[in-house]
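So the chains spell out like this:
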Amino acid sequence: MNTDTNNPAEAELHARRAAALQMGGPEGLAKQASLGKLTARERIDRLLDAGSFSEMGMLAGKGRYDAHGAFVSFTPANAVIGAGDIDSRRVVVSADDFTIRGGSSESTVSDKWIYAERYAHQMRLPLVRLVETAGGSIRILEQNQSTKIPGYPSWPWMPLLAQSPVVGVALGACAGLGAIKVTMSHFSVMVKGMAQVFAGGPPVVQRGIGEEIHKEALGGAAVHTRVSGIVTNAAENEDDAFAQVRRFLSFMPANVWSVPQRAARADDPRRADAWLDEAIPLDTRKVFDVRKILKSVFDQDSLFELGRGFGGSTVTMLGRLDGCAVGIVANDPRVMGGALTVQAARKLERFVDVCDTFHLPLVNFVDQPGVMFGSEAEKAGTLGAALGAISAIEQSRVPWCAIILRRSFGVGGQMHGPQHGPDGYALLHRFAWPTARWGSIPIEGGVAAAYKRELAEAPDARERQDELEAYYQQLSSPFRTAERFGVIDIIQPRETRSLLCDWVQDAHAVTQGQTGIRSRTFR
C-alpha cells in the first residue's frame, strides 16, 4: 500500500494502522515469541481461510498527544476482532493480544470485544474467541480514578449461546473474564502446557486463601479436561487447537435457523463389516472397544470426540452417516464398567443440549449397567446429576436412535433416549443386537438380592445361584421383548450401518422443520 501522502489526516491514518499492526511493539512481540506463542494476528491467520479476514476496530486504543493536541503515537487496544471464513463459511473472531499489558483490562476497550459478540449475535454467525488474558488489573483504578460494579450489560452472551455456535480457545493464562470467555461456549479447547484457566491466578489464590500453587496445577489442561470438565478438549499445540475448532464447526450450522451441511457422500451406506457380529464378548465379564465399533459404523474418518478425558464411562462424539452430521453417545465398559458417574452425567447433559440446540440427530450405542452406586457416588450427588441428564434428554426435540449392544439397566438404562419428549411422548427408534439384555436390575446382582435367604441355606450356594441366573437369563432374552414390540427389531450387528444410514435420511429431513431457538436454555 502506498503511504506517501501530503494529506495530514491520511498520514495519521497510515501511522495509526501501522501501530495497530505492530501490536505490543518489538519488545512485546519478542517476548511472545520467546514463550513459543503466536501473536493474536498470527493466530487469526492460522485459523481462518487465507486472505479472508476483515478486521473491525483497528483504530481503537489510546492515542498520545503533545501539548498542542497534535497526534504523537498510538497504542492499540489489546483485542483484534473481525470476520472471516473457515472452510468458506463465515465466522466472527475475537482474539486477545497478550503483547499489550498481558491482555489485561487495563489496556482494553471493552466495547470492542463486546461488539464482536454483538455482531455475531445480530448477524447470526458462529463466534470463535481466541483467549489469552490476564483478566482485570488493579492499575485500572488509578487509570480511571474510580472503579465499577462488575458486569457488562451490553454483552449478549446468553442470547448468543442460544442462537449461534460459540467456541472458546485457551492459548495462555486465562483468568477471571478470560476463563469465562473460554468456558461459556459450546466447544472449548486449551493447549497443554501453555494454557491455564482459573477464576483467580496463583497470586490471588495465595493472598486470598493462603494456598501456594503453580498455575499449571491450579488450572492446566489436566485439571479442566479430566477433573472439572469445564473445558471440552486438550490440544497438543496451537495448530492442533485451531484444527479442532475447524473440525467442530464443520458439524455445526451457522445458527439455529439453519441445519448442519451435508458432506459429500464418500462411504458406501451399505458397507457391512462382518467382524461386528463378534464384537461383543458372550462372557459379560469381558469388555470390548466401543470406539472400534463406532469407527466401523459411521462414515470413514468422520468421528470427532468431545471430552474424552472427562466422564470416560460415557463417550460423546460428532460424526456422519452417509454425509449427514449426527451426535453420538456410547458407553465404554472399560471405564467404571460403563456406569453413569456424576462426571459422565454432566458430560451427557451438556452434549445433548449442544446437539439439540443445533439440530443434530442423536445415535446412542448402549451398554449401560446403571447409575454408579456406593458411598462416594452418593456423596457426589450422582443421582442429581443423572436427573439433569434425563431432563436434557427428555426435553430434546431431535430424533433419537438407540442401538442396545449389551446392557440397559435401571435409571441409567432408561436414559438411552427420550421416553416422553417435550410434547408428552417421543418416537424413540430402538434396536438391539442379539447380545443385548435389559431390565430394572442386572441378573447377577438381582438373584443375589432376591434369593439371599435361600442361597444362605442352600447346600451349595454357588451351584444354586448359577441355576437361578441361568433361568433368569432365559427369561431376559431380547427376543422375548421383540415379540412384544419392545424393540423395533433385533438386528445382526453388521446391519447397523445400513439401518442408520436409512434412518438418518428421515431424521435429517425432520430437523429442517425444527429450526429456531429451543425453550431449554443451553448450559
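Summarised in this report is the structure supplied together with it. From a predicted model like this one, the values you see are computed outputs, not experimental measurements.

## Notes on the overall build of the protein chain
Here's step 1: Within the protein chain one finds 21 helices and 19 strands.
Here's step 2: Based on the C-alpha atoms only, the size of the protein chain along its principal axes is roughly 105 × 55 × 40 Å.
Here's step 3: Sequence-distant contacts in the protein chain: of pairs separated by 6 or more residues, those separated by 24 or more amount to 73%.
Here's step 4: Carbon and sulfur atoms make up 53% of the accessible area of the protein chain, which totals about 24,400 Å².

## Comments concerning empty space enclosed by the protein
Here's step 1: For the structure on display, the rule yields two cavities of 30 Å³ or more.
Here's step 2: The space that makes up the largest cavity amounts to roughly 90 Å³.
Here's step 3: Along the walls of the largest cavity sit Thr-314, Val-329, Asn-331, Leu-340, Leu-348, Asn-364, Val-366, Gln-368, Gly-412, Met-415 and His-416, which together make up its complete lining.
Here's step 4: Taken together, the elements giving at least two residues each to the lining of the largest cavity come down to strand 14 (324–331) and strand 15 (362–368).
Here's step 5: At three residues, the largest contribution of residues to the lining of the largest cavity is made by strand 15.

## Let's talk about the nonpolar core
Here's step 1: Counting 63 residues, the largest nonpolar core has Leu-47, Leu-130, Val-169, Phe-248 and Leu-318 as the members making the most contacts within it.
Here's step 2: Of all the elements, helix 13 (residues 342–357) adds the most residues to this core, at seven residues.
Here's step 3: Residues Leu-294, Val-363, Leu-499 and Val-504 belong to the second largest nonpolar core, which totals 30 residues.

## Some remarks on the packing of helix 3 (residues 40–47) against helix 11 (residues 238–250)
Here's step 1: Packing of helix 3 against helix 11 leaves a shortest axis separation of 9 Å and a crossing angle of 45°. By the angle between their directions, the pair helix 3 and helix 11 is classed as oblique. Here helix 3 runs over helix 11; the crossing is right-handed. Residue-level inspection shows Arg-43, Arg-46 and Leu-47 of helix 3 in contact with helix 11, the latter providing Glu-238, Asp-239, Phe-242, Val-245 and Arg-246.
Here's step 2: Of the residues contributing to the contact of helix 3 with helix 11, the split by class is three nonpolar, no polar and five charged.

## Considering the packing of aromatic side chains
Describing an aromatic ring pair means giving the distance of the ring centres and the angle of the ring planes.
Here's step 1: For the coordinates displayed, the defined rule picks out six aromatic pairs.
Here's step 2: Centre to centre, the rings of Phe-187 and Phe-248 are 4.8 Å apart; their planes meet at 15°, and the pair counts as stacked. Separated by 61 residues along the polypeptide, Phe-187 in strand 9 (residues 187–191) and Phe-248 in helix 11 bring together distant segments of the chain.
Here's step 3: Geometry around Trp-257 places Arg-124 over its ring, the cationic atom sitting 3.7 Å from the centre.

## Describing the layout of surface pockets
Using a probe with the size of a water molecule, rolled over the atoms, empty space left in the structure can be pinpointed.
Here's step 1: If you add up the space inside the second largest pocket, you get close to 480 Å³.
Here's step 2: Forming the walls of the second largest pocket are 20 residues, and the residues nearest its centre are Arg-397, Val-398, Pro-399, Trp-400 and Leu-427.
Here's step 3: Breaking the lining of the second largest pocket down by element, the ones donating at least two residues are strand 17 (429–432) and helix 21 (496–511).

Rules used in this analysis
Residue indices begin from 1 for each chain and proceed along its sequence in written order. Predicted model: local features are reported for residues with pLDDT of at least 70 only, side-chain atom pairs are reported and counted for 80 or more only, and whole-chain, interface and lining totals are derived from all residues. Water and hydrogen atoms play no part in the side-chain values, which are based on all heavy atoms of the structure. Where helices and strands are cited, they refer to DSSP runs of H or I of at least four residues and of E of at least two residues respectively, numbered from the N terminus. Here, residues are in contact when the closest pair of their heavy atoms is within 4.5 Å. To be clear on the numbers: accessible area is Shrake-Rupley with a 1.4 Å probe, and residue cover counts the displayed protein chains and nothing else. Site definitions follow a grid-based scheme: protein atoms alone, a 1 Å grid, a 1.4 Å probe that fits but cannot get out for cavities, and for pockets an open set with protein on both sides within 12 Å along at least five of seven lines, plus lining residues having an atom within 4 Å of a point. Grid points are joined across faces, edges and corners, and a volume is the space filled by probe spheres set on the points. What we call a nonpolar core is a set of buried Ala, Val, Leu, Ile, Met, Phe, Trp, Tyr and Cys residues that are connected through their side-chain atoms within 4.5 Å. Only protein chains enter the area calculation, which uses a 1.4 Å probe; residues under 20% of their type maximum are buried, those over 50% are exposed, and those in between are partly exposed. The axes used here are C-alpha line fits, helices contributing only the stretch in contact, and every angle between their N-to-C directions lies in the interval 0 to 180 degrees. Orientation categories follow fixed angle ranges, with anything under 35 degrees roughly parallel, anything over 145 roughly antiparallel, 65 to 115 roughly perpendicular, and all other angles oblique. In this scheme, a crossing is called left-handed if the near helix is turned counterclockwise away from the far one by less than a right angle; it is called right-handed if the turn is clockwise. Polar here means any residue outside two lists: the nonpolar Ala, Val, Leu, Ile, Met, Phe, Trp, Tyr, Cys and Pro, and the charged Asp, Glu, Lys and Arg; Gly therefore counts as polar. Classification of ring pairs rests on two measures: the distance between centres of Phe, Tyr or Trp rings, Trp counted by its six-membered ring, which must be within 6.5 Å, and the angle between planes, read as stacked under 30 degrees, edge-to-face over 60 and tilted in between. Whether a charge sits over a ring depends on NZ of Lys or CZ of Arg being within 6 Å of the ring centre and within 35 degrees of the ring normal.

Any functional reading would require information beyond the geometric quantities listed.
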